[in-house]
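The chain contents come next:
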Amino acid sequence: MIATESDIFTDETFWEPFYTDLAKAHKSIIISCPFVRRWRLDRLEYQLKTMIRNGIAVCIFVQTPASLRKEKTNLSAEEDREICDYERDIKRMSTWKAHVTERPRAHQKFAIIDGTKLWEGSLNILSHRDGAEHMRRFDSRYEAERVTKLHELDRCFDCEVLRAKYFVAAPNVELQRQMIAHAIHSHRKYQKFSLRDLSAASGVAHQRISQIENAKYLRAIDPLFEIFNALGLRLIVAQADDVSAVLNQIEIRSEAR
Ligand SMILES: [Zn+2]
């Protein structure tokens, strides 16, 4: 066990040093927070939009609003309105070009800045109003990485698309199957891998790779990721409906830089 120094804060002392950290960010900020409320976004909007304009990736992880609907069958008008507000606030962050990832049971509270500063504790950064809270700050790449890996906060879809070296976008599974088949076959040939070489590197049976290359197999997605990883590629597959939104974001972001 490595002891890491940290500082502790309350809701009253948290915001000032947190904003100082945001102002010094130069690469990325991850915020994991189960809920979002308008009054908190009103205060954060200027800072987060400035960061995004400066090319900093703002990756937000929130609880899926739809999962709140599923939890209860008879929603009161009040509860229904709260969920609608929540959905509207999530869309609002997307219009800033923040990356928003929804997860069904997410209830963790973190902020990670440039992969080196970690804030964790009870305070909901995107919805806090006036509750008494406890927060802890680590200036430690080690602690930030541990939390990022454990809670998969590096699995932001928008960031994955931006990093992807192979982006398959097609309106149906049949076309996706053909594009994937072509990608694997051409990259395998280019890298002078035999089917057996690729099988050894990926851990996927060579008969299975052959089926995939002949566009005859695409029932399970897992072997595809193994094969693409072995070829040094990252695979992203998207439905055609999602594509224009994603590409639009990339275009706007590259223009902004
Ligand atoms: Zn992201």
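Predicted model, so just to flag it, every value in this text is computed and none were measured.

Helix and strand content of the protein: 11 helices and nine strands. Expressed as a percentage of the 257 residues in the protein, the buried residues total 23%. Partitioning the contacts of the protein with sequence separation of at least 6, the portion at a separation of at least 24 is 74%.

Let us now look at the nonpolar core. Ile29, Ile31, Val58, Ile60 and Ala111 are the most contacted members of the largest nonpolar core, which totals 32 residues. Among the elements of the structure, helix H1 (11–24), strand E2 (28–32), helix H2 (38–53), strand E3 (57–63), helix H4 (77–95), strand E5 (110–113), strand E6 (117–121) and strand E7 (134–139) are those that each provide at least two residues to this core. A total of five residues in this core trace back to one element, the largest contributor, which is E3. Not counting chain neighbours up to four residues away, the residues in contact with Val58 comprise Ile29, Leu48, Met51, Ile52, Ala98 and His99.

Let us look at the sheet that holds E6. Picture the strands of a sheet paired through backbone hydrogen bonds; they go either parallel or antiparallel. Overall, mixed pairing links the seven strands, which are arranged E1-E7-E6-E5-E2-E3-E4 in an open sheet. Lying at the two open borders of the sheet, with one neighbouring strand each, are strand E1 (7–10) and strand E4 (99–103). Geometrically, the sheet is characterised by an average inter-axis angle of 15° between neighbouring strands, direction not taken into account. Pairing of E2 with E5, which is carried by four bridges, proceeds in the antiparallel orientation. Residue Ile30 lies in a different strand from E5, and its bridge partner there is Ile112. Along the sheet, H1 contacts E1, E2, E5, E6 and E7; its crossing angle with E1, the most-contacted strand, is approximately 120°.

Bringing the packing of helix H8 (residues 195–202) against helix H10 (residues 222–230) into the picture now. Packing of H8 against H10 brings their axes to within 8 Å, and their N-to-C directions diverge by 105°. Put simply, H8 runs roughly perpendicular to H10. When H8 is examined against H10, the residues Leu198, Ala201 and Ser202 are found in contact with a partner set consisting of Glu226, Ile227 and Ala230.

So, about the confidence of the model for the protein. Per-residue pLDDT for the protein has a mean of 86; in total, 87% of the residues score no lower than 70. This model gives residues 246–257 a pLDDT under 50, and the stretch forms 11 contacts once residues within four places in sequence are excluded.

As a further point, take H2. With 16 residues, H2 extends 21 Å between its outermost C-alpha atoms, agreeing within 8% with the 22 Å of an ideal straight helix rising 1.5 Å per residue. Its maximal kink placed at Leu44, H2 deviates by approximately 50°. Where H2 is concerned, the buried positions are Leu44, Leu48 and Met51. Close packing links the buried residues of H2 with H1, E2 and E3. Gly55 sits one or two positions beyond H2 and adopts a positive phi of about 85°.

This part covers the pairing of E6. Burial of E6 is extensive: four of the five residues sit out of reach of the surface. Judged from the four bridges that link them, E5 and E6 form a sheet pairing that is antiparallel. If you follow Ile113 over to E6, its bridge partner there is Lys117. Pairing of E6 with E7, which is carried by five bridges, proceeds in the antiparallel orientation. Bridge pairing in E7 links Glu120 to Arg136.

How each quantity is defined
- Residues numbered from 1 in each chain as written.
- Predicted model: local features only at pLDDT ≥ 70, side-chain atom pairs only at ≥ 80, totals over all residues.
- Helix = DSSP H or I, 4+ residues; strand = E, 2+ residues; numbered from the N terminus.
- Buried ≥ 20, exposed ≤ 12 C-beta atoms within 10 Å, placed from the backbone.
- Contact = placed C-beta atoms within 7 Å.
- Core = buried A, V, L, I, M, F, W, Y, C linked by C-beta atoms within 7 Å.
- Pairing = 2+ DSSP bridges.
- Axes fitted to C-alpha atoms, helices over the stretch in contact; angles between N-to-C directions.
- Parallel < 35°, antiparallel > 145°, perpendicular 65-115°, else oblique.
- pLDDT = per-residue confidence, 0-100.
- Expected span 1.5 Å × (residues − 1).
- Bend = angle between axes of the 7 residues up to and from the residue.

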